[in-house]
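Breakdown of the fold
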Amino acid sequence: MRALISGAGIGGLTAALALRKIGLDVSVFERADELRGAGAGLGLWSNATQALQSLGLTDSLREIGVPVKQGKILSSNGRVLSNISLGETPATGFLTVHRSELQSALLKELGDGVVVTDSECVGFAQDDGVTVYLRDGREERGDLLVGADGLGSTVRRQLFGNSEPRYAGYTAWRGISRFEHELVRPGAGFESWGRGLRFGCNNLGGDRVYWFASKNAPEGETDGPDGSLPALLKIFRGWHEPISSLIEAAREEDVRRDDIYDRPPMKRWGEGRVTLLGDAAHPMTPNLAQGACQAIEDAVVLSECVGYGESGEVSLKLYEKRCAARAAMFTRLSRLLGRVGQMETPLLCRARDALIAGTPERLQSRQLQRLLEYGT
């Protein structure tokens, strides 16, 4: 059996590895002319790390990942609203990695000849198999097609039409700085909440710190000719340290700004021998750090369903049945958490902060455990 995958992001590469582990011939078609080390930090909850470990990446995760044992939620002036203990049980662990390093680990495990760059999928047709049409005119034939081609997925568009994603109402910056501070030492991280603004960070190992910021903003707003760093310093002026120092320690070329989108959940992800995975199926806001995690889960569950030996159509329906409801739950919860975190009204912000401060740490840990257990 041959599986064709559109997109060589984290989800597509994980799917390729998982399907190869069960004996399929796999080809991944990527539109970029080369796989560059793009991206910033990435949070992996235990549902994702357990899935990756099942594919043989235990040693790689140990090399590139930094376990986060303690997290804090702070107010904009640095007052501690909540201390969150992580890693006390297998179901509540959290690992930070650099996205490009995880991509490299997946590529190394896959080996040569699986990913075909400069090969954008522009459409497909199916009968007793699937034919993929590439931009340069080539055609590839397989038994299954997995659209792992992101928010603007071509595969999704052909399956379900050209609907626009849903803007969440805020924009986000992501960056990496070389910096040392007690709040961002290895094993620790924090997120600070204000009025329509948030800032957070985690250590990526040594003095590398991944940070992110969000602001309520009109869709399509830009930072202007001076760039992101001066804009961020102005936005977060007066917030507690080390926020300004982290921003000042970054390089403009290491900062990326993106408006935040998701889509309403769908019960059906595909048709016949074609299905979707990751952001192509269920793009979600980053508030629960589950976007990549759910793509990784998708990949492993997909391989399990195909491995049962049923026909392609039956296998893909079973995959959707097992994954769709869980992904929908995370999409809704993440959007809700974003609305809470991005509140602007002073009275509501004070009530929110009081609720966070009044929630027992043990209850938070139990909620995380129930939410994140892999395979549920």
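Description of the structure in this document.

About the cut-offs
- Residues numbered from 1 in each chain as written.
- Predicted model: local features only at pLDDT ≥ 70, side-chain atom pairs only at ≥ 80, totals over all residues.
- Heavy atoms only, no water.
- Helix = DSSP H or I, 4+ residues; strand = E, 2+ residues; numbered from the N terminus.
- Rg over C-alpha atoms; globule rule 2.2 N^0.38 Å.
- Buried < 20%, exposed > 50% of the residue type's maximum accessible area, 1.4 Å probe, protein only.
- Contact = heavy atoms within 4.5 Å.
- Areas by Shrake-Rupley, 256 points an atom, 1.4 Å probe, with all protein chains shown as cover.
- Lys, Arg positive; Asp, Glu negative; His and termini not counted.
- Charge placed at Lys NZ, Arg CZ, Asp CG, Glu CD.
- Core = buried A, V, L, I, M, F, W, Y, C linked by side-chain atoms within 4.5 Å.
- Pairing = 2+ DSSP bridges.
- Phe/Tyr/Trp six-rings, centres within 6.5 Å; stacked < 30°, edge-to-face > 60°.
- Lys NZ or Arg CZ within 6 Å of the ring centre and 35° of its normal.
- Axes fitted to C-alpha atoms, helices over the stretch in contact; angles between N-to-C directions.
- Left-handed = near helix turned anticlockwise from the far one by under 90°.
- Nonpolar A, V, L, I, M, F, W, Y, C, P; charged D, E, K, R; others polar.

Observations regarding the overall build of the protein
- Looking only at helices and strands, the protein has 11 helices and 18 strands in total.
- By the compact-globule yardstick of 21 Å for 376 residues, the protein fits well, its C-alpha radius of gyration being 21 Å.
- Each principal axis of the C-alpha distribution contributes one length, and for the protein these read about 60 × 45 × 35 Å.
- When the 376 residues of the protein are sorted by exposure, 54% land in the buried category.
- Across the protein, the fraction of contacts at a sequence separation of at least 24, relative to all contacts at a separation of at least 6, is 73%.
- By element, 49% of the accessible surface of the protein is carried by carbon and sulfur atoms, the whole surface being about 16600 Å².
- Treating the 45 positive side-chain charges of the protein as one cloud and the 48 negative ones as another, the clouds have centres 7 Å apart.

Remarks on the environment of Ala 292
- Considering the arrangement of structural elements, one finds Ala 292 in helix H8 (residues 291-307).
- A relative accessible area of 14% means that Ala 292 is categorised as buried.
- Separated by 31 residues in the primary sequence, Ala 292 and Tyr 261 have C-alpha atoms spaced 15 Å apart.

As for the nonpolar core
- Counting 73 residues, the largest nonpolar core has Ile 5, Leu 44, Leu 102, Trp 269 and Leu 277 as its most contacted members.
- If you tally residues by element for this core, the top one is H8, at 10 residues.
- Residues within four places of Leu 44 in sequence aside, it is in contact with Thr 49, Leu 52, Leu 61, Gly 93, Phe 94, Leu 95, Val 97, Leu 102, Cys 293 and Ile 296.
- Ranked by size, the runner-up nonpolar core spans 21 residues in total, among them Val 184, Phe 190, Ile 243 and Val 255.

Topic: the sheet that holds strand S12 (residues 144-147)
- Spatial strand order, S8-S2-S1-S12-S18: five strands in an open sheet with parallel pairing. Of all the strands in the sheet, just strand S8 (115-116) and strand S18 (274-276) have a single pairing partner and so form its edges.
- Here five bridges tie strand S1 (residues 2-6) to strand S2 (residues 25-29), and the two strands are oriented parallel to one another. If you follow Ser 6 over to S2, its bridge partner there is Phe 29.

With respect to the packing of aromatic side chains
- Under the defined criterion, the tally for this structure stands at seven aromatic pairs.
- Judged by centre distance (5.5 Å) and plane angle (50 degrees), the rings of Tyr 167 and Tyr 261 are tilted. Taken together, the positions of Tyr 167 in strand S13 (residues 166-178) and Tyr 261 in strand S17 (residues 256-262) put the pair 94 residues apart, joining distant regions of the chain.
- The class of Tyr 167 is buried, set by a relative accessible area of 18%.
- When the centroid spacing of 5.9 Å and the interplanar angle of 40 degrees are considered together, the rings of Tyr 210 and Phe 212 count as tilted.
- Positioned above the aromatic ring of Tyr 170 is the side chain of Arg 198, whose terminal nitrogen or guanidinium carbon lies 5.7 Å from the ring centre.
- A cation over a ring is seen here: Arg 198 above Trp 193, with NZ or CZ 5.9 Å from the ring centre.

With respect to the sheet that holds strand S7 (residues 94-98)
- The strand order across the open sheet built from three strands is S3-S7-S4, with neighbouring strands paired in antiparallel fashion. Looking along the sheet, the strands with just one partner apiece sit at the ends: strand S3 (41-45) and strand S4 (66-67).

Considering the packing of helix H2 (residues 46-53) against H8
- It is the contact of H2 with H8, at a shortest axis distance of 8 Å, that shows an interaxial angle of 35 degrees. Considering only the axes of H2 and H8, their crossing is left-handed. Residues Asn 47, Ala 48, Ala 51 and Leu 52 of H2 form the contact with H8, whose own contacting residues are Cys 293, Gln 294, Ile 296, Glu 297 and Val 300.
- Class assignment for the residues of the contact of H2 with H8 results in six nonpolar, two polar and one charged.

Comments concerning the side chain of Thr 154
- Mapped onto the secondary structure, Thr 154 falls in helix H5 (residues 154-160).
- Apart from residues no more than four positions distant in its own chain, Thr 154 is found in contact with Cys 121, Val 122, Gly 123 and Asp 149.

Observations regarding H2
- Here H2 lies mainly inside the structure; six of its eight residues are buried.
- Every buried residue of H2 is accounted for by Ser 46, Asn 47, Ala 48, Thr 49, Ala 51 and Leu 52.

A closer look at the environment of Arg 273
- Within the secondary structure, Arg 273 is located in the loop between S17 and S18.
- Judged by its relative accessible area of 14%, Arg 273 is buried.
- C-alpha separation for the pair Arg 273 and Asp 143, spaced 130 residues apart in sequence, amounts to 6.9 Å.
- Apart from the residues within four sequence positions on either side, Arg 273 is in contact with Gln 126, Asp 127, Asp 128, Gly 129, Val 130, Asp 143, Leu 144, Leu 145, Glu 313 and Leu 316.

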